[in-house]
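Summary of structural features
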Amino acid sequence: MQYSCIDEQLKKLISILKENHSLMEMLEYIAELHLPNFYIAAGSIFQTVWNYQDGRDLNYEIKDLDIIYYNADDLSVDADMKYYKMIQDYARSRGITYAIDVSNEARMHLWKEDKEGGKIRPYKNSEDAISRWIATVHAIGITLEEGNIKVYAPYGISDIFSRTIRPIKHDSNSKELYDKKALGWKKRFSKLTVIEW
């Protein structure tokens, strides 16, 4: 069967992610919790690829596991904390050392307002949130559907494989935040191309 470039990239991405056994174990566990509209997103995904390209341990310099979901019916911090504790306890029981971050994207506009003082348009769902993150490599999430990995990457995955940091400009992003993120990635990973804001 003939594959397009995108199909080949997607197959390669999934095959690399499947080699990260800690990531896959966490994905399967989180799927069992039935969080609505959930993804493991951002750094643990694209940095697994960079580590694979560098021949390193697939979890090298991966700081945390970003777990997002969308539940407009419960915007309480308590709900996030309940899931955080369950997921963290599971990871520790399995010897998995990721720091855990759990966020209900339905309330992220409120969190940003409290933390940064600015106003942003509320997210419509988890996919909307991912599409409005800081850089194209960052805008990726994986979930499980009927036991299969589903990838959401609104800007494609070419930038991940080429190690290109490209900004996503919209109302809740800034040059300052983008430059800070890019600098952090450059300190931890080699051969990155950073597109200016």
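Quick note: structure is the one above.
Report on the accompanying structure. Not measured: the values here are computed from a predicted model.

Here's the deal with helix H2 (residues 21-32)
Compared with the 16 Å implied by 1.5 Å per residue over 12 residues, the 17 Å span of H2 between its first and last C-alpha is a close match. The complete set of buried residues in H2 reads Leu23, Met24, Met26, Leu27, Tyr29, Ile30 and Ala31. Positive phi appears at His34, one or two residues downstream of H2, with a value of about 60°.

Observations concerning the sheet that holds strand E1 (residues 39-41)
One open sheet holds the 5 strands; their spatial order is E3-E2-E1-E4-E5, and the pairing between them is mixed. Sheet topology places strand E3 (99-104) and strand E5 (148-152) at the edges, where each strand pairs with a single neighbour. On average, each strand axis in the sheet is tilted by 30° relative to the strand beside it, whichever way the strands run. In terms of strand pairing, E1 meets strand E2 (residues 64-69) through 3 bridges, oriented antiparallel. Residue pairing for E2: Tyr39 is matched across the bridge by Ile68. Seen against the sheet, H2 touches E1, E2, E3, strand E4 (141-145) and E5 and runs at an angle of roughly 55° to E4. Against the sheet, helix H3 (residues 43-54) contacts E1, E2 and E4, and its axis sits at roughly 55° relative to E1.

Structural notes on the pairing of E4
By the bridge criterion, 2 bridges tie E1 to E4 in an arrangement that is antiparallel. Paired with Ala41 across the two strands is Gly141, which belongs to E4. Direction of pairing for E4 relative to E5: antiparallel, over a ladder of 5 bridges. Residue pairing for E5: Glu145 is matched across the bridge by Asn148.

Remarks on the pairing of E3
Where E2 and E3 come together, 6 bridges link them in parallel fashion. For Tyr69, the partnering residue across the bridge sits in E3 and is Asn104. In this fold, E2 hands off to helix H4 (residues 77-93), which returns the chain to E3; that crossover is right-handed.

Some points on the packing of aromatic side chains
One pass over the full model with this rule turns up 8 aromatic pairs. On the numbers, 4.9 Å between centres and 65° between planes, the contact of Phe46 with Trp50 is edge-to-face. In this pair, Phe46 and Trp50 both sit in helix H3, 4 residues apart, roughly one turn of the helix. Classification of Phe46 as buried rests on a relative accessible area of 0%. Centroid distance Phe46 to Trp185: 5.3 Å. Interplanar angle 85°. Geometry classified as edge-to-face. Of this pair, Phe46 sits in helix H3 while Trp185 sits in helix H8 (residues 175-188), and the two are 139 residues apart along the sequence. Of the two residues examined, Phe46 and Trp185, each falls in the buried class.

The rules behind these values
Residues numbered from 1 in each chain as written. Predicted model: local features only at pLDDT ≥ 70, side-chain atom pairs only at ≥ 80, totals over all residues. Heavy atoms only, no water. Helix = DSSP H or I, 4+ residues; strand = E, 2+ residues; numbered from the N terminus. Expected span 1.5 Å × (residues − 1). Buried < 20%, exposed > 50% of the residue type's maximum accessible area, 1.4 Å probe, protein only. Pairing = 2+ DSSP bridges. Axes fitted to C-alpha atoms, helices over the stretch in contact; angles between N-to-C directions. Contact = heavy atoms within 4.5 Å. Right-handed = clockwise from strand over helix to strand, strands pointing away. Phe/Tyr/Trp six-rings, centres within 6.5 Å; stacked < 30°, edge-to-face > 60°.

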